[in-house]
Amino acid sequence: MTGQYIIRRLLIMLPVLLGVSLIIFIMVRIIPGDPSMVMAGPHATKDQVEQIRTQLGLDRHPVSQYFIFIGNLFRGDLGTSTRTSLPVTKEIMARLPNTLLLALASILIATVLGVLTGIIAGVKQNSKFDYLSMLVALFGLSMPVFWLGLMLMLLFSIHLGWLPAVGAESFKHLILPAITLGANSMAIIARMTRSSMLEVIRLDYIRTARAKGLKEKLVISRHALKNALIPVVTVIGLQTGTLLGGAVLTEIVFAWPGVGRLLVEAILARDYPVVQGVVLLVATMFIFVNLVVDILYAYLDPRIRYQ
Amino acid sequence: MEEIFDKAEKPKWSQSREVLHRLSKRITAMIGLVIVLIFLISAIFAPFLALHDPLEHSLGHMLAKPSWDYPLGRDELGRCILSRVIYGARISLLIGTMVISIGVLLGAPLGIISAYYGGKVDFIIQRFVDTMLAFPGILLALTLIAMLGVGLANVMIAVGISTIPIYARLARSSVLAIKSRQFVEASRSIGASNFKIILRHLLPNSLSPIIVQSTLHMATAILWAAGLGFLGLGINPPTPEWGAMLNGGRLYIRVAYHVATFPGLMIFITVLGFNLLGDGLRDALDPRLKT
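Within each chain, residues carry numbers counting from 1 in the order of the written sequence. All chains are assigned letters beginning at A, and all ligands numbers beginning at 1, according to the order in which they are written. With pLDDT at 70 or above as the cut-off, local features in this predicted model cover only qualifying residues; side-chain atom pairs require 80 or more to be listed or tallied, and sums for whole chains, interfaces and linings still use all residues. To obtain the side-chain values, all non-hydrogen atoms of the structure were included, while hydrogens and water were left out.

### Examining the overall build of chain A
Helix and strand labels come from DSSP, where a helix needs a run of H or I of at least four residues and a strand needs a run of E of at least two; each type is numbered from the N terminus. Across its full length, chain A holds 12 helices and 0 strands. Sequence-ordered secondary structure for chain A, helices as α and strands as β, is α-α-α-α-α-α-α-α-α-α-α-α. Across its three principal directions, the C-alpha atoms of chain A cover 85 × 55 × 30 Å. Between two residues, a contact is recorded if the distance between any of their heavy atoms is within 4.5 Å. Of all intrachain contacts in chain A linking residues separated by at least 6 positions in sequence, the fraction that spans at least 24 positions is 72%. Here the open area of atoms and residues is found with the Shrake-Rupley method and a 1.4 Å probe, where only the protein chains shown may cover a residue. Counting only carbon and sulfur atoms, one obtains 68% of the accessible surface of chain A, whose full area is about 15,200 Å². Taken together, the 27 basic and 16 acidic charged side chains of chain A have centroids lying 13 Å from each other. As used throughout, the charge tally considers Lys and Arg to be positive and Asp and Glu to be negative, leaving His and the chain termini uncounted. Working definition for charges: the position is that of NZ of Lys, CZ of Arg, CG of Asp or CD of Glu.

### Considering the overall build of chain B
For chain B, the count of helices and strands is 11 helices and 0 strands. For chain B, the α and β elements follow one another from N to C terminus as α-α-α-α-α-α-α-α-α-α-α. In terms of principal-axis extent, the alpha carbons of chain B reach across some 75 × 50 × 35 Å. Only protein chains enter the accessibility calculation, which uses a 1.4 Å probe; a residue is then buried when its area is under 20% of its type maximum, exposed when over 50%, and partly exposed in between. Per-residue burial for chain B yields a buried fraction of 52% across its 291 residues. The contacts of chain B with a sequence gap of at least 6 include a subset with a gap of at least 24, amounting to 71%.

### Remarks on the interface of chain B and chain A
How large an interface is tends to be reported as the accessible area lost when its parts come together. Facing the 43 residues of chain B at the interface are 47 residues of chain A. Summed over both partners, the accessible surface that disappears when two parts come together, traced with a 1.4 Å probe, is what is meant by buried area. For the pair chain B and chain A, the two sides together bury roughly 4,000 Å², of which 81% comes from carbon and sulfur. We define a salt bridge as a contact between a side-chain nitrogen of Lys or Arg and a carboxyl oxygen of Asp or Glu at a distance within 4 Å. Remark: the boundary between chain B and chain A carries 1 salt bridge. In this structure, the salt-bridge partner of Arg191 of chain A is Asp279 of chain B, at a minimum N-O distance of 3.1 Å. Counted as a polar contact is a pair of N or O atoms within 3.5 Å, where, for protein atoms, one must be capable of donating a hydrogen and the other of accepting one, and residues adjacent in sequence contribute only when both atoms are in side chains. Counting across the chain B and chain A interface gives 5 residue pairs in polar contact (both at pLDDT 80 or more). Tallying contributions element by element places helix 11 (residues 257–285) of chain B first for the side of chain B that touches chain A, with 12 residues. Note that Gly is not counted as nonpolar here; it falls among the polar residues with everything else outside the nonpolar set of Ala, Val, Leu, Ile, Met, Phe, Trp, Tyr, Cys and Pro and the charged set of Asp, Glu, Lys and Arg. Looking at the side of chain B that touches chain A residue by residue, the class counts come to 28 nonpolar, 10 polar and 5 charged.

### Quick notes on the packing of helix 4 (residues 81–117) of chain B against helix 9 (residues 194–230) of chain B
Residues and elements named next belong to chain B. Running from amino to carboxyl end, helix 4 crosses helix 9 at an angle of 145 degrees, the nearest separation of the two axes being 7 Å. Pair helix 4 / helix 9 crosses with right-handed handedness. Looking at the contact of helix 4 with helix 9, its residues break down into 18 nonpolar, 7 polar and no charged. To define axes, lines are fitted to C-alpha atoms, for helices over the stretch in contact only, and angles between the resulting N-to-C directions are given on a 0 to 180 degree scale. By convention the crossing between two helices is left-handed if the near helix lies anticlockwise of the far one by an angle smaller than a right angle, and right-handed if it lies clockwise.

### What to know about the domain arrangement of chain A
All names here are of chain A. A domain assignment, automatic or from a database, supplies the domain bounds used here. Taken domain by domain, chain A comprises domain 1 (17–74) and domain 2 (97–300). Between the C-alpha centres of domain 1 and domain 2 there is a distance of 37 Å. Each partner contributes to the interface: domain 1 provides 11 residues, whereas domain 2 provides 9 residues. Taking both sides of the interface into account, the surface hidden between domain 1 and domain 2 amounts to around 960 Å²; carbon and sulfur atoms contribute 84%. Seen at the junction of domain 1 and domain 2, the total is 0 salt bridges. Mapped onto the side of domain 1 that touches domain 2, the elements with two or more residues apiece are helix 1 (2–29), helix 2 (35–40) and helix 4 (62–74). Per element, the largest residue contribution to the side of domain 1 that touches domain 2 is 6 residues, and it comes from helix 1.

### Section: the packing of aromatic side chains
Any pair of Phe, Tyr and Trp rings, taking the six-membered ring for Trp, is counted once the centres come within 6.5 Å. Such a pair is stacked with planes under 30 degrees apart, edge-to-face with planes over 60 apart, and tilted for the rest. Throughout the structure, instances matching the rule amount to 12 aromatic pairs over all chains. On the numbers, 6.2 Å between centres and 35 degrees between planes, the contact of Tyr66 of chain A with Phe69 of chain A is tilted. With Tyr66 of chain A and Phe69 of chain A both in helix 4 and 3 residues apart, this pair spans about one turn of that helix. Chaining the aromatic ring pairs together yields one cluster made of Phe25, Tyr66, Phe67 and Phe69 of chain A. In this scheme, Lys NZ or Arg CZ marks a charge over a ring once it lies within 6 Å of the ring centre and within 35 degrees of the ring normal. Over the face of the ring belonging to Phe123 of chain B we find Arg127 of chain B, whose NZ or CZ atom lies 4.7 Å from the ring centre.

### A look at the pattern of salt bridges
Enumeration according to the criterion identifies 12 salt bridges over all chains in this entry. The residue Arg127 of chain B makes a salt bridge to Asp130 of chain B at a minimum N-O spacing of 2.9 Å. Highlighted residues: Arg127 of chain B and Asp130 of chain B, both in helix 5 (residues 119–133), separated by 3 residues, approximately one helical turn. You can call Arg127 of chain B partly exposed: its relative accessible area is 22%. Take Asp130 of chain B: its relative accessible area is 19%, and that puts it in the buried class. Here the residues in one salt-bridge network are Arg83, Arg95, Arg261, Glu265 and Asp271 of chain A, joined through shared partners.

### Things to note about the packing of helix 6 (residues 128–142) of chain A against helix 11 of chain B
Packed helix pairs are specified by the crossing angle of their axes together with the interaxial distance, meaning the distance between the axes. Running from N to C, helix 6 of chain A and helix 11 of chain B point in directions that differ by 125 degrees, and their axes come no closer than 8 Å. Regarding the angle of helix 6 of chain A to helix 11 of chain B, the classification is oblique. Relative to helix 11 of chain B, the crossing made by helix 6 of chain A is right-handed. Residue-level contacts link Leu138, Phe139, Leu141 and Ser142 of chain A of helix 6 of chain A to Phe268, Val271, Leu272, Asn275, Leu276 and Asp279 of chain B of helix 11 of chain B. Split by residue class, the contact of helix 6 of chain A with helix 11 of chain B holds 7 nonpolar, 2 polar and 1 charged. Convention used here: angles under 35 degrees read as roughly parallel, angles over 145 as roughly antiparallel, angles from 65 to 115 as roughly perpendicular, and any remaining angle as oblique.

### Digging into a nonpolar patch on the surface
Residue and element names in this part refer to chain B. The residues that make up patches have over 30% relative accessible area and no salt bridge, and they are joined within 9 Å when like-charged or within 5 Å when they are Val, Leu, Ile, Met, Phe, Trp or Tyr. Side chains of Leu33, Leu37, Ile41, Ile44, Phe45, Phe48 and Leu49 sit close together on the surface and give an oily, nonpolar patch of about 670 Å² of accessible area. Where the nonpolar patch is concerned, the elements lending two or more residues are helix 2 (27–44) and helix 3 (46–49). The biggest single contributor to the nonpolar patch is helix 2, with 4 residues. Mapped onto the fold, Phe48 is located in helix 3. Exposure remark for Phe48: the relative accessible area of 69% places this residue in the exposed category.

### Overview of helix 11 of chain B
Given a helix with a known number of residues, its expected span is that number minus one, times 1.5 Å. In a regular helix each residue adds 1.5 Å, so 29 residues correspond to 42 Å; helix 11 of chain B covers 42 Å between its end C-alpha atoms and thus fits that length. With 23 of 29 residues buried, helix 11 of chain B is to be regarded as a mostly interior element.

### Let's talk about the confidence of the model for chain A
Note on scores: pLDDT gives the predictor's confidence for each residue, bounded by 0 and 100. When pLDDT is averaged along chain A, the result is 84, and 95% of the positions lie at 70 or above. Taken element by element, the predicted model of chain A shows its lowest mean pLDDT in helix 2 of chain A (68) and its highest in helix 5 (residues 88–123) of chain A (91).

### Brief notes about the environment of Leu207 of chain B
Residue and element names in this part refer to chain B. With respect to the secondary-structure elements, Leu207 resides in helix 9. Judged by relative accessible area, Leu207 falls into the partly exposed class, the value being 31%. Along the sequence, Leu207 and Arg17 sit 190 residues apart, while their C-alpha atoms lie 19 Å from each other.

What follows is the structure in structure tokens.
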């Protein structure tokens, strides 16, 4: 049953992946004006423009252009950066590990702290901790990532001098960006865990567990938590998306050499092959993470598979 | 006779009164409402509230610290930060409103058509929505900006388009819930056209959750637009926009913290206000969700 479910999910994913590639393909080609002229820049000669046109295959029929694009994708060829003349794959690969490291650290912080806070707040509903943590969570939800980053930098790097402000040379460099990027997700995860916990705690089987004299700690950890965390898994999956998007802003604030910064640099320089490559990569990563989450969800909650 | 009318009218009135009553009893929601009102007042009455001309610069007073005349200090070109922050509310309000209008006007019809016709139409529209949702967070808006070029109008279009799938989903689910209700069936049985059913019954009845949701989305719209402004992809200088102001102050954070701090604080407080109000509104409208 699980195998069938995974196959079904994979099949649903395919059209989305194709759709994403098609949207990006179309977007790059409907740039107002002639894309090859835009890419070549205002001072380019006619020959240079022509060269870019052939390079991008813009002289061919759009449908065949798309097939060439897809074919190249499968061979790992994302084209050449118009800014650095390096292969886009090479540009991305140089930056990707940094972004993955940052995203993983952030999701780890967000999950551990978010789930813990959510559980305590839920179990001790209407307590001081509950109110305070949910207020902080609401703050986290409303905080612009880039501002939080700057404020943390102001406090911990400039005033206290504890942590480095910019760069990515050591573990110490990772701390501030990871907290900045994770803060928003942490708030959402904490809120979700709390409300899910509150829902589960009121169910009959928890009352039964309590009625048979089980210690409250066991009721929570053995019985309630298992079911309460199921919806949290989905939220964590969705949060990776927010993280990948937020990474763009965080990387700019902390001069973190990741793909997010690469994307902004490429947008400002109108380096379309790089924009296309980064967006395609990030969207694909997001789709895969959600696939994994869906499968995990089905594993945790067998009812899903039979729907 | 009047008494009968009173009684007949009562349920509807008491429902919205009940919602308002529940809303007013929540302190956090009221704080949110006050913040939102202050935001709206600053946006509308900016010319009367600002102490100085937001564009007037004075290179002799670059990065000046807060003072009585310039309560939030001066920015990297010696402009009054408080006045720029007040004027910045205008841009944020404009962006938020436009973004939501684009999202609702394009997304809601898509969702209604999807749910009403079902079958192949639904399948195709839903795959389109899935595809758009596959671009995480701000990424779709960023990509659109890359294609459209930088600027205020393009930021509004880009963020607006990236909210289409959210409204399409929302409209679809509310139409699915009312599509098979008796009044729709009745309308169809007396020969109403699809167009008429959609326009007269489905649209008005699916609108209220969308309106509520769109107030909540003001927060996201403001946050995203400020993010794009911060990246230097938004409005052209010297127009005061919170994200761009923050970006301008970022470089001077070591010597003049206030230039980046206050515009960011404004974004934070405004977004918090919309979130508080939104949370309260949602709980007041549907007490079952209150956990």
